[in-house]
Structures are given as structure tokens and as C-alpha cells.
Amino acid sequence: MSRMVIESSVREAGTDPIFRVAGEAAQRTKELGTEAVINSTIGALMDDHGDLVAFKSVFDVLKGLPDEQICDYAGIPGIPEFLDKVVDACFKSYRPEGHIRAVATPGGTGAVRHAVCNYTEFGDQILIPDWYWAPYSTIADENRRKTTTFELFDKTGNFNMEAYKTAFAELLKKQNRVLSILNTPAHNPTGYSISLDEWKELTAFYIEMAKANPDARIIILCDIAYIDFAGKGEDARAFMPLLSGLPENVLPLYAYSASKGFTMYGLRNGAIICVAPTEEIAEEFAAACAYSNRGTWSNGTRGAMQTLADIMSDDNLRDRFIAEQDFHKGILQKRAKAFLDEADRIGLKLCNYCDGFFISIPCEDPKAVSDLLMEKNVFIVALAKGLRFAPCAVSEEKCRKAPQLILDAIKQVAGC
């Protein structure tokens, strides 16, 4: 019998590999108990007992909302108070100069989708690093686009500026527009953060490219899903003012995820935010993204939007939220340090980690290594170029224990 779906919608059946491994880890935990399993899979904050962290400062506000505010429609672009306060949540004290607009999306994923669909043409290639969050490719493919990669790290383990500039310039020769997605700070899956000096060089490069190609369109999407768990205080946002005052054919966009920062994972709360050089471009952005909302998911989760708006509008609620967020950020940093220190002690090679939920381990045949580790009740995500370990989900004690187990498995698969 012939297929019923169109040719380009023929997909492989099965679950997302990350969720599949997470499901196996959950089953093993149920059988053997939490202490016997190291479950480093899903990117969410977990306590030392393996339970999901939900900020009390957030959910007290959500549960205190009148029922009608939780269940009512949110409006296609999002409720006005959310659109105002999500900008504050995104930029905090580093608000850039420019014409800023926000449109609500279901998490940062929705923001990526809108950038892809509204700022690239069918068949265009989107520039991403060779270590990347797999759904970038899925979103591009689902919407009839493609991805192309550049080598993220140079020989010193820092941002490979030469590879990026070369790939960007080559793409600009092929296409009239380039969408570059930079997942920073606290990159998924490596935990790398582009430094302030690197951002200064990137900004100068964008200006150079824009002036040399006045008819081109340059779109820089900063996927900042994990920014609230990066750096000290608000320092991770110091690069934001640099991405303003650019030529009119350069548009900085931000994919902001309240799903991560406010532990609202399943409530799907986020926004796409632009810092446009002109009012006309800002209005064009808002209209296009609101239309995309209507044409895909119609509108977002009102209760989640109202919760963020209420927290960011009240000094006491905001202070309580930030204190709770900082507390868990501190736990995450201790876990990551335990993993890094032990990896350094035993000689386990890692990608350059700065901050965030994930640490990556380059290796040959990552799938075989992951499968071997599962036999030892260690669950870790296999990527194309290595393994992804999630200290956000693993206790400090297990973070210290895991590197040796991973190194042993790598050596065993390699026949060492």
C-alpha cells in the first residue's frame, strides 16, 4: 500500500533517544533504588534523591492565582504584563539599547521555531556549532530548512572564531540571509560560554559583514535557555548591550526560556525577543511572530505567563524567587566542580565547561560507551561526537563517582 503522508513527512518511529534512555533509567531506579543508579539524562534540576526541583517561590504564586486567570486564554502574542516583564527577566540590568519587542512562545523551543520560520527561506541552511542541541536540526527539517555546522572549539578549547567566521562568510555567499544560532551562555550540551572578549570580536565581525553585504540579512539568535544558571550574579548577561546599535540589516534575537529559569518545564513558558535597530523592524517582528503563534499553537499558557509577570512585578516575590534560584544554582556549581575536579585528577578529557546543566566528554563510538555504562547502572546521553553528562540531575557524590566509571567504559570500548 502506498504511503498516506507526504514524502518529506516520512519519519522513523520511536521515542527521542534522550527520553528513551531516561525511561530506561527510571525503570532501573524503580527496580534497584535511587542510590544504585546514576541517572544523567534529562536536562532538569533534580534534588539529591532524584526528585524534580520545583521552586516554591514560583508555584506558591501560580497556585494562588484565581482559577479564571489560570484557565483563560492568554491572547495570541501573550498577555501584556508578561510581554513587559519577560523582557526584564531576560535582560535584567543589562538591557540593551534598541527597539525591543517580545512574543510569548512555548518555552525556548518555540522561540527557535519562530526564528527559523520567519527569518530564513525554504531550503536555507542555518548555522549551528558541531556540538549542538539535536532539536535545532529537527526544527529546521520539520520546516523545510537545513542546518550546517562549524567546529565549536579551537585547539585551545575556546570558541573557534576562525571556523565560525569562515562558515558564516561562505554561507552568506550562498544565501541572501544567514541565521546563526549561538546557544550561550551555558551551552547545551558542553556548558561552554562565549566570553565577553569573544563577543566583542563577533560583534565587530557582524558589522563588517553587514557593511560589506548591504542587501544581506544577518540574524543572530542567542539561545539563552540556561542563562539563569551561568556566571556570578547577572554577569552572564554582560554581552547583551554589545548586540545593539548594529547596522539595520543585522537583527539580534533572544530565545528566553522561563521553563528552565522558573522550573516551569511542562508549563512551556518562554518568549522570543528582538532588539531591533528601528521601530519598523521591531513591529514587523512582533506581527510576524504573533501570526506564527496563531498558525501553530494559537496561544500559550496564561497561568505560567501571569506567574512570571506577578513575580517580576513585586519586589518581595522577586527577591524570594532569586534567592531560591541562587540556592539551586550554587548546588549545581558544586556538583559540576566535583565532576570536573575528579575528571582532571584521573585524566578524563572534557569539552571546555563554564556553566550550566551539561558537561560533554568527547569519545569514539559514544553509543557503545553509553550502552556499556547502562549495564553498570550509569545512564548518560550519547551524542554524535561524545557523551553528555547532566550534573543538574545528579548528586554531588555521584558527580564525583561518575568520571572514573565513564573513563573505564571509554577505555573498554576502545580496547585499551
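Residues numbered from 1 in each chain as written. Predicted model: local features only at pLDDT ≥ 70, side-chain atom pairs only at ≥ 80, totals over all residues. Heavy atoms only, no water.

As named in an unreviewed UniProt entry, the chain is Aspartate aminotransferase, taken from Eubacterium maltosivorans. Per its UniProt entry, the chain bears the Sequence similarities (unreviewed entry) comment "Belongs to the class-I pyridoxal-phosphate-dependent aminotransferase family." Looking at the Cofactor (unreviewed entry) heading of the UniProt record, one finds this comment for the chain: "pyridoxal 5'-phosphate". (UniProt positions renumbered as here; feature names shortened; annotations may be inferred.)

S.K.: I tried to follow the layout of surface pockets on my own but got confused; where do I start?
M.R.: It is a probe the size of a water molecule, rolled over the atoms, that shows where empty space is left. By volume, the second largest pocket is sized at about 570 Å³. Looking at the second largest pocket, it is lined by 25 residues, and the ones nearest its centre are Phe19, Gly43, Trp133, Tyr226 and Lys260. Elements supplying a minimum of two residues to the lining of the second largest pocket: helix 1 (17-32), helix 5 (107-119) and helix 9 (258-261). In terms of residue count, the dominant contributor to the lining of the second largest pocket is helix 5 (four residues). Its residues assigned to classes, the lining of the second largest pocket comprises eleven nonpolar, nine polar and five charged. Here the lining of the second largest pocket spans two domains, since at least three of its residues come from each of domain 1 (7-55 + 318-414) and domain 2 (59-315). (1 Å grid on protein atoms, 1.4 Å probe; cavity = no way out; pocket = protein on both sides within 12 Å on 5 of 7 lines; lining within 4 Å. Points joined across faces, edges and corners; volume = space filled by probe spheres on them. Helix = DSSP H or I, 4+ residues; strand = E, 2+ residues; numbered from the N terminus. Nonpolar A, V, L, I, M, F, W, Y, C, P; charged D, E, K, R; others polar. Domains from an automatic or database assignment.)

S.K.: What is the right way to look at the pattern of salt bridges in this model?
M.R.: Two side chains bearing opposite charge may form a pair once their charged atoms approach each other closely. This structure, assessed with the given rule, holds 18 salt bridges. Asp130 serves as the salt-bridge partner of Lys385, at 3.5 Å between the closest nitrogen and oxygen. Pair noted here: Lys385 is in the loop between strand 10 (378-382) and strand 11 (386-389) and Asp130 is in the loop between strand 3 (125-129) and helix 6 (135-142), with a separation of 255 residues, a long-range link. By relative accessible area, Lys385 is classed as partly exposed at 35%. (Salt bridge = Lys/Arg side-chain N within 4 Å of Asp/Glu carboxyl O. Buried < 20%, exposed > 50% of the residue type's maximum accessible area, 1.4 Å probe, protein only.)

S.K.: Any chance you could explain the pairing of strand 4 (residues 146-150) here in plain terms?
M.R.: Each regular strand shows side chains that alternate between the opposite faces of the sheet. As defined by bridge partners, strand 3 adjoins strand 4 across five bridges and the pair is classed as parallel. Looking at strand 4, one finds that Ile128 is bridged to Thr149. Between the parallel pair strand 3 and strand 4, the chain is carried across by helix 6, and the sense of this crossover is right-handed. (Pairing = 2+ DSSP bridges. Right-handed = clockwise from strand over helix to strand, strands pointing away.)

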